Amino acid sequence: MTERSRPDTPASPDLQPTPRKRRPPRRVEVSRVQVLSPAMRRITLTGAELQGFEVSDPASYLKLIFPEPGQTEPDRPLPDGPRAKSMRTYTPLAVRPDACEVDIDFVLHGEGPASTWAAQAQVGQVLFLMGPGPGYKPSPDAPLHLLIGDDSALPAFETILAALPATAAVQVLVEVADAAEERPLHSPAALSAQWLARGADNRQAGTALEAALRQSGAPAADARIYLACEADAMRRIRRLLSDALGVPRSQIVGRGYWKLGAVNHPDHDYGEDA
Ligand SMILES: Cc1cc2nc3c(=O)[nH]c(=O)nc-3n(C[C@H](O)[C@H](O)[C@H](O)COP(=O)(O)OP(=O)(O)OC[C@H]3O[C@@H](n4cnc5c(N)ncnc54)[C@H](O)[C@@H]3O)c2cc1C
């Protein structure tokens, strides 16, 4: 996706973007739960209402609405009703339109309606799904792609890896809690991956990524970078890449996927203020 931010100052009325149309919520049921690692669950959602749900770009996103405390099933959101309190952003990892199925990988990070729901998820439980929202279009001509981020971005990285051409090279730098979270990655492109351990303390988010980047030095001049992790860490790493390592800002796409201490961090934090 070409990088676009929401303007800080409103454009003239002629140039106002059309408000994003909310797509209808789709009722889905859990049909499979897989334990990928101690802190990662792959959950397959299915249902007739997924008919027509398709995703064109890698690293797209969707919204999931989880049950409120005391509910077994979330209320179906009304078209013009208030936003559900327990709506969170996730990456459609694999979409199988013919089977009306979507796979989603959840990090079990601790508190939060999404993480606590995923930790107990069972076949037959119901959520509402909305979207998809736009993703990332990796430049087909770039000889080198760098994917830098944490476990919350692993699903996005996997969709990008699958979309790269065999002529490209890709380096993945990913921070997870510990070695038990590592897993094989695949791509048609020439792939190298480096796994970094953050430890159990989420306040250290991004520290290992920054240290590894400082150590490895400037990436190749024409590298295209997708950077997605904790929001403040993303800003620090953006600055490190552009100020200290000389990467042109136009070659970096930043995404804050979550924010330390913040609930439901927005899906459009691009860190361009960094
Ligand atoms: C475009 C996009 C795609 C995303 N795709 C995925 C995905 O595929 N899989 C995935 O697991 N996440 C993904 N995320 C991140 C996910 O939306 C957030 O982690 C979300 O906050 C989880 O909601 P929650 O209810 O568990 O926690 P919240 O109620 O939002 O937050 C509760 C507390 O948990 C902390 N917290 C939230 N997320 C994390 C985390 N990952 N690690 C450590 N602490 C955390 C917060 O700082 C807060 O203190 C994506 C985010 C975006 C913007």
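Each chain has its residues counted from 1, running along the sequence as written. Restriction of local features to residues with pLDDT of at least 70 applies here, the model being predicted, together with a cutoff of 80 or more for giving and counting side-chain atom pairs; totals for whole chains, interfaces and linings are based on all residues. Calculated side-chain values reflect all of the structure's heavy atoms, with hydrogen atoms and water omitted.

K.L.:
Quick question: what am I supposed to make of helix 1 (residues 113–120) here?
P.N.:
In an α-helix, one turn spans 3.6 residues; hence positions three or four apart end up facing the same way. Buried means the residue's accessible area, taken with a 1.4 Å probe over protein chains only, is under 20% of the maximum for its type, while exposed means over 50%, and partly exposed covers the values in between. By the criteria applied, helices consist of DSSP H or I runs no shorter than four residues and strands consist of E runs no shorter than two, each listed in order from the N terminus. Where helix 1 is concerned, the buried positions are Ala114, Ser115, Trp117 and Ala118. Angularly, the buried residues of helix 1 cover 165° about the axis, an arc narrow enough to put them on a single face. The secondary structure elements touched by the buried residues of helix 1 are strand 1 (26–37), strand 2 (40–46), strand 4 (87–90), strand 6 (101–107) and strand 7 (126–133). Note that the arc is defined by the directions from the helix axis to the C-beta atoms. Note on definitions: a residue-residue contact is assigned when non-hydrogen atoms from the two residues lie within 4.5 Å.

K.L.:
So what exactly am I meant to see when it comes to the nonpolar core here?
P.N.:
Most often, soluble globular proteins have nonpolar side chains that are buried together. In terms of nonpolar packing, the biggest core is built from 23 residues, with Leu147, Ile160, Val170, Val172 and Tyr226 touching the most fellow members. For this core, the element with the most residues is helix 2 (residues 154–163), which contributes five residues. Dropping the residues within four chain positions of it, Ile160 is found in contact with Pro58, Ala59, Tyr136, Pro138, Leu147 and Tyr226. What is meant by a nonpolar core is a set of buried Ala, Val, Leu, Ile, Met, Phe, Trp, Tyr and Cys residues, joined one to another through side-chain atoms within 4.5 Å.

K.L.:
Looking at this structure, how should I read the packing of aromatic side chains?
P.N.:
Only Phe, Tyr and Trp rings take part, Trp by its six-membered ring, and two of them pair if their centres are within 6.5 Å. Stacked means planes under 30 degrees apart, edge-to-face means over 60, and tilted covers everything else. Counted by the stated rule, this structure contains six aromatic pairs. Consider the rings of Phe66 and Trp117, whose centres lie 5.5 Å apart with planes at 55°: the pair is tilted. Of the two residues, Phe66 is situated in the loop between strand 3 (61–65) and strand 4 and Trp117 in helix 1; the sequence distance between them amounts to 51 residues. Neither Phe66 nor Trp117 differs from the other in exposure class; each is buried. In this structure, Arg255 packs its charged tip against the face of Tyr270, placed 3.9 Å from the ring centre. Whether a charge sits over a ring comes down to the Lys NZ or Arg CZ being within 6 Å of the ring centre and within 35 degrees of the ring normal.

K.L.:
It is not clear to me how the sheet that holds strand 4 should be interpreted in this structure. Could you clarify?
P.N.:
Whether parallel or antiparallel, the strands of a sheet pair through hydrogen bonds between backbone atoms. Two strands make a pair as long as DSSP finds a minimum of two bridges between them. Spatially, seven strands are ordered 4-3-7-1-2-6-5 in an open sheet, and the strand pairing comes out antiparallel. Two strands in the sheet have a free side with no partner beyond their single neighbour: strand 4 and strand 5 (94–96). Each strand of the sheet is rotated relative to its neighbour by a mean of 35°, with strand direction disregarded. Angles run from 0 to 180 degrees between N-to-C directions of axes, and those axes are lines fitted to C-alpha atoms, restricted for helices to the stretch in contact.

K.L.:
Which parts of the structure should I look at to understand the site of the ligand?
P.N.:
What makes a residue near a molecule or strand is one non-hydrogen atom of that residue sitting within 4 Å of it. In the vicinity of the ligand there are 27 residues, among which Thr89, Thr91, His109, Lys259 and Asn264 approach most closely. What qualifies as a polar contact is a pair of N or O atoms within 3.5 Å, subject to a donor-acceptor requirement within protein and to the restriction that residues adjacent in sequence count only when both atoms come from side chains. Contact distances for the ligand include 2.6 Å between an oxygen atom and a backbone N or O atom of Thr89. The backbone of Gly261 places a nitrogen or oxygen atom 2.9 Å from an oxygen atom of the ligand. Per-residue and other accessible areas were derived by the Shrake-Rupley procedure at a 1.4 Å probe size, with only the shown protein chains allowed to occlude residues. Alone, the ligand offers 910 Å² of accessible surface; in the complex the protein occludes 93% of this. Of all the elements in the fold, those that place two or more residues in the shell around the ligand are strand 4, strand 6, helix 1 and strand 12 (252–258). For this classification, Asp, Glu, Lys and Arg are treated as charged, while Ala, Val, Leu, Ile, Met, Phe, Trp, Tyr, Cys and Pro are nonpolar and the rest, including Gly, are polar. In terms of residue class, the shell around the ligand is made up of 12 nonpolar, 10 polar and five charged. Two domains each provide a minimum of three residues to the shell around the ligand, namely domain 1 (26–132) and domain 2 (144–258). An automatic or database domain assignment supplies the start and end points of every domain.

K.L.:
Can you walk me through the packing of helix 3 (residues 207–216) against helix 4 (residues 231–244) in this structure?
P.N.:
Describing two packed helices takes the angle between their axes plus the distance from one axis to the other. Look at helix 3 against helix 4: their axes get within 10 Å of each other, and the N-to-C directions meet at 5°. Overall, the two elements helix 3 and helix 4 adopt an arrangement that is roughly parallel. Between helix 3, through Thr207, Leu209, Glu210, Leu213 and Arg214, and helix 4, the contact on the second element is made entirely by Arg236, Ile237, Leu240 and Leu241. A class-by-class count of the residues in the contact of helix 3 with helix 4 yields five nonpolar, one polar and three charged. Each angle gets one of four labels, with under 35 degrees taken as roughly parallel, over 145 as roughly antiparallel, 65 to 115 as roughly perpendicular, and the rest as oblique.

K.L.:
Honestly, the domain arrangement of the protein in this entry has me stumped. Any pointers?
P.N.:
Size of an interface, as often reported, equals the accessible area lost when the parts are brought together. Each assigned domain of the protein is listed with its residue range as follows: domain 1 (26–132) and domain 2 (144–258). Once you take the C-alpha centre of each, domain 1 and domain 2 turn out to be 25 Å apart. Contact residues are listed per partner, giving 14 residues for domain 1 and 14 residues for domain 2. Take the accessible area each of two parts loses on contact, using a 1.4 Å probe, and add the two losses: that sum is the buried area. Contact with domain 2 buries surface across domain 1, with Pro58, Ala59 and Thr91 losing the most and accounting together for 36% of the total. Remark: the boundary between domain 1 and domain 2 carries four residue pairs in polar contact (both at pLDDT 80 or more). Secondary-structure elements contributing two or more residues to the side of domain 1 that touches domain 2 are strand 1, strand 2 and strand 6. The residue makeup of the side of domain 1 that touches domain 2, split by class, is nine nonpolar, three polar and two charged.

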